[in-house]
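If you want the building blocks of each chain, they are given just below.
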Amino acid sequence: MSVICKATNVSKSFRPDFYKKPVQVLKSVNFQINQGRFVGFIGPNGAGKTTTIKCMMQFIFPDHGEISFFDQTDFIEAKRKIGFLPERPYFQEFLSGVEFLKLHWNLCGLKAADFQNRAEEVLEQVKLTHAKHKKLRDYSKGMLQRIGIAQALLARPEFLILDEPMSGLDPDGRILIKDILKSFKEKKLTVLMSSHLLEDVEELCEDLIILHKGETLFYGAITEFKQNFSSLEAAYKAFKGQIEEVNHNA
Amino acid sequence: MISLIYINTQEWLRLKFLQVVFFLSFAYVCVSYLLGTLSFTEQARIKFDLGLAGMEITTFLVAAFISTHALYRDIERKTFQVILARPIARWNLLAGYLGSLFVLNFILIAFLGLTMIAFFDFDGDLGSSLFNIIVIMVTILLKSVVIGAFGVMMSAIARPMFSLVFTISYWVLAYSISDIEYFLQKADLSSLNFVITGLNFMVPQFYTFNWKSYYYMKNGFSFHEIMWSLFHCAGWIFLLLFMASLLIRRKDIV
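Read on for a plain summary of the structure.

Cut-off values and rules
Residues numbered from 1 in each chain as written. Chains lettered and ligands numbered in written order. Predicted model: local features only at pLDDT ≥ 70, side-chain atom pairs only at ≥ 80, totals over all residues. Heavy atoms only, no water. Buried < 20%, exposed > 50% of the residue type's maximum accessible area, 1.4 Å probe, protein only. Helix = DSSP H or I, 4+ residues; strand = E, 2+ residues; numbered from the N terminus. Pairing = 2+ DSSP bridges. Phe/Tyr/Trp six-rings, centres within 6.5 Å; stacked < 30°, edge-to-face > 60°. Lys NZ or Arg CZ within 6 Å of the ring centre and 35° of its normal.

### What about the pairing of strand E8 (residues 207–212) of chain A?
All names here are of chain A. For E8, the tally of buried residues reaches 6 of 6 residues, placing the bulk of the element in the interior. Of the two faces of E8, the one holding Asp207, Ile209 and Leu211 and the one holding Leu208, Ile210 and His212 are both buried throughout. Strand direction decides the pairing type here: strand E3 (residues 38–42) and E8, joined by 4 bridges, are parallel. Of the residues in E8, the one forming a bridge with phenylalanine 41 is isoleucine 209. By the bridge criterion, 6 bridges tie E8 to strand E9 (residues 215–221) in an arrangement that is antiparallel. Within the sheet, the bridge partner assigned to isoleucine 210 lies in E9 and is phenylalanine 218. Counted along the chain from E8 to the antiparallel partner E9, the turn is 2 residues long, and its residue lysine 213 has a positive phi close to 45°.

This is how it looks when you write it as structure tokens:
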């Protein structure tokens, strides 16, 4: 199984203001994502999940350590194989669904002749064919999230990074997105999904990365993490209890 | 790149601020026409001097506001992240801003220029006056893009309001180097001449082709002067864009 993404000893600190002390957000993040795996990325608020994703996408740069994709050194080339959806992004609301996808198709530098077929495919996949000519301003939150997933899928990525894809959605929206994500799992697409919702992670993911105060506490198969527990939630609670005990004793 | 220019232009044209500026600039050209008609002897001079000055101020305002706020706005809304996830380099986004600014100010100048050409009287040789006014409009457009490039560069390192203040100061300096030099001479402070030398390296010399007046529209400029203004502006645009791309290359987009 080939390695899609590998993070080694990644650390990052931010200075809130030039006269203030830097705050260490990531201390030591280590993980490896293998091809064809659906990976859940969990941790409490402020654990550093989004910061790690930003480091992966090179929106910010780690102080130490490194993140590599497909064993490639040229990140712009690697980006051709990555689809990304940030948490609650803004999309140009004056564009229609198809125009929005066309913009991203052009940004990828792909052949204009192939666009129509591919756009139909991804719109079908995210169940938005009926709304393809609607302006994005008329889309519901769930529809916006789905068109976001469509743009991430557009260039046939080998690796999909989704930051909280189900946050802020109503139950119907969540069910729809979950169905889409399940289809990725069936197709053996490599996905990294950050989430707060343990039941979703348990249902969708095969592997797990747990981040706590900027450190990776666990990465591996969910079955390995759960072992003697009935659910991911129960295992996570017990795991957190152990961590807090260790911290307390230290 | 063309996609970025297209999408930014579409987005900016929808800004209320820009629509107000478009309207005010049109109103300004109309007022300059009205003011001109109040004079018996200097009608054309008043109309063109005021009209061209209005054109430059408007394009400068558009360039300064948009260039200093575009990057910040895209980072805030995470549009920057979605676009940067595509296989493009960061400097492409900055070049996209400048391209959009060029298109936007081109539309604005064309609109105001056509208004002036339609309503103002060109006494004398119409052909050469038209050629001269087109050259003036091109230099106004290029100057606005230079200011835009500076604004984009500043926005890569400072917050929008700071960038805006610096950009306005830069524009004022670009016109004032000769005045500063004059004052230094008159105040007998020639020991401070190195300031002028330094400024000439750091700031474009807009004062050398400040042609937005009736005089230049009538008398024109030499071929050498036109080439100097074009290459001077193009050089500064590329230099500032290069510096902006260096500054943003490793900037954390939080």
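### Observations regarding the packing of aromatic side chains
One pass over the structure, following the stated rule, counts 23 aromatic pairs over all chains. With centroids separated by 6.4 Å and ring planes inclined at 40°, the aromatic side chains of A:Phe69 and A:Phe70 adopt a geometry described as tilted. An identical accessibility class is assigned to A:Phe69 and A:Phe70; each is buried. Centre to centre, the rings of B:Trp211 and B:Tyr216 are 6.4 Å apart; their planes meet at 45°, and the pair counts as tilted. Over the face of the ring belonging to A:Phe70 we find A:Lys81, whose NZ or CZ atom lies 4.8 Å from the ring centre. The ring of A:Phe61 is capped by B:Arg250, whose NZ or CZ atom sits 4.0 Å from the centre of that ring.

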